[in-house]
Amino acid sequence: MNVPNHIAIILDGNGRWAKAQGKPRSYGHVKGCQNLEVICDDMKELGVKYLTVYAFSTENWKRSQDEIKVLMNLFRGYLKKCIKISERNKMRVKIIGDISAFDPDIQKKIRELEEFSKDYTELHFQIALNYGSRDEILRGIRKLVQDAADGKVLPEKIDEQIFENYLDTAGIPDPDLLIRTSGEQRLSNYLLWQLAYTEFYFTDVPWPAFHKPELIEAIETYNARDRRYGGVKEES
Ligand code: FPP
């Protein structure tokens, strides 16, 4: 099996999965969080080098205060536990998104986790928190314009490579495969720049029920595709 170098996942369907079991949405988030731990182990085992997950979008603040509270507490617990997971998998963890919106203790946990894991290279795990692609691009443009005004960058020299250095994902290769769970077929403001050439895989399986067999099925579907990047298809 040819394993993609970088897999991006939109974690969707925690709430619907829980509802289908007659449980509250928070139960779905707890199970979704546990599943994230398992999937990191699976990715490492399969030899995936980069994994980027969409855990909390800039739009998710519109959810009820109760649900946000549950999610923030889950992040707190997970960020702490993730130190062990990163050690186990030799996994570097990086948060993408604007973390300044989180409570100071969450920001501190993020910094500790990133610092702890910074030298690991077996798996690069990016968690998108308070992330929105348009917000990321605008934040990048603000910095770039400032650097141009300060004479650090020449406007005529700005190309894709230079611009990418201003994104939260600087230094991380673009995803090869995007997986979205739970039936929706849209990008929801996720990695709009980075997904330009990525293969998309949509599954009806909700995130808490997406396990290794489902992951392998996604990779096999990806393998069966013919990736062309605008060139001429080779004669087989
Ligand atoms: C989508 O399900 C899930 C989220 C908005 C939150 C994702 C959170 C987790 C997987 C748990 C914790 C993650 C980390 C990084 C600790 P949904 O609530 O949109 O489900 P629905 O579409 O069925 O309502």
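Look up: the structure comes first, before these words.
Cut-offs and rules
Residues numbered from 1 in each chain as written. Predicted model: local features only at pLDDT ≥ 70, side-chain atom pairs only at ≥ 80, totals over all residues. Heavy atoms only, no water. Pairing = 2+ DSSP bridges. Helix = DSSP H or I, 4+ residues; strand = E, 2+ residues; numbered from the N terminus. Axes fitted to C-alpha atoms, helices over the stretch in contact; angles between N-to-C directions. Contact = heavy atoms within 4.5 Å. Core = buried A, V, L, I, M, F, W, Y, C linked by side-chain atoms within 4.5 Å. Buried < 20%, exposed > 50% of the residue type's maximum accessible area, 1.4 Å probe, protein only. Near = heavy atom within 4 Å. Polar contact = N/O pair within 3.5 Å; in protein donor to acceptor, adjacent residues only side chain to side chain. Areas by Shrake-Rupley, 256 points an atom, 1.4 Å probe, with all protein chains shown as cover. Nonpolar A, V, L, I, M, F, W, Y, C, P; charged D, E, K, R; others polar. Salt bridge = Lys/Arg side-chain N within 4 Å of Asp/Glu carboxyl O.

Caption draft 1: Expanded view of the sheet that holds strand S4 (residues 123-131). Strand order in this open sheet of six strands is S3-S4-S2-S1-S5-S6, and the pairing throughout is parallel. Of all strands in the sheet, those with a lone pairing partner are strand S3 (91-96) and strand S6 (199-202), marking the two edges. Ignoring which end each strand starts from, the neighbouring axes of this sheet average 20° apart. In this sheet, strand S5 (residues 177-180) lies alongside strand S1 (residues 6-10) in parallel orientation, the contact comprising four bridges. Looking across to S5, one finds that isoleucine 7 is bridged to leucine 177. The strands touched by helix H4 (residues 104-117) within the sheet are S3 and S4, with S3 carrying the most contacts at an inclination of about 145°. Lying on the sheet, helix H7 (residues 212-223) is in contact with S1, S5 and S6; it crosses S5 at an angle near 135°.

Caption draft 2: Geometry of the nonpolar core. Grouped together as the largest cluster of nonpolar side chains are 42 residues, with contacts concentrated most on Ile7, Ile9, Met43, Leu51, Phe125, Ile179 and Leu215. Contacts of isoleucine 9, omitting those with residues within four sequence positions, involve Met43, Leu51, Thr52, Val53, Tyr54, Ile179, Tyr190 and Trp207.

Caption draft 3: Representation of the site of the ligand. By nearness alone, 17 residues border the ligand, and Asp12, Gly15, Arg16, Arg25 and Arg63 come closest of all. Contact between the ligand and glycine 13: an oxygen atom at 3.3 Å from a main-chain N or O atom of the residue. Interatomic distance of 2.8 Å between a side-chain N/O atom of arginine 63 and an oxygen atom of the ligand. For the ligand, the protein covers 93% of the area, taking 610 Å² as the surface of the free molecule. Those elements that place two or more of their residues in the shell around the ligand are helix H1 (14-20), helix H2 (25-46) and helix H3 (65-89). Sorting elements by how many residues they give to the shell around the ligand places H2 first, with five residues. For the shell around the ligand, the residue count by class is seven nonpolar, six polar and four charged.

Caption draft 4: Focus on the pattern of salt bridges. Applying the stated criterion across every chain yields a total of 18 salt bridges. Two residues, arginine 76 and aspartate 105, come together in a salt bridge whose shortest N-O distance is 2.6 Å. With a gap of 29 residues between them, arginine 76 in helix H3 and aspartate 105 in helix H4 connect regions that are remote in the sequence. Using a relative accessible area of 29% as the deciding quantity, one classes aspartate 105 as partly exposed. The salt bridge involving lysine 152 is made with aspartate 147; its shortest N-O contact spans 3.9 Å. Overlapping salt bridges, with partners in common, bring together Asp12, Arg16, Arg180, Glu184 and Arg186 in one network.

That's the geometry; what it means functionally is another story.
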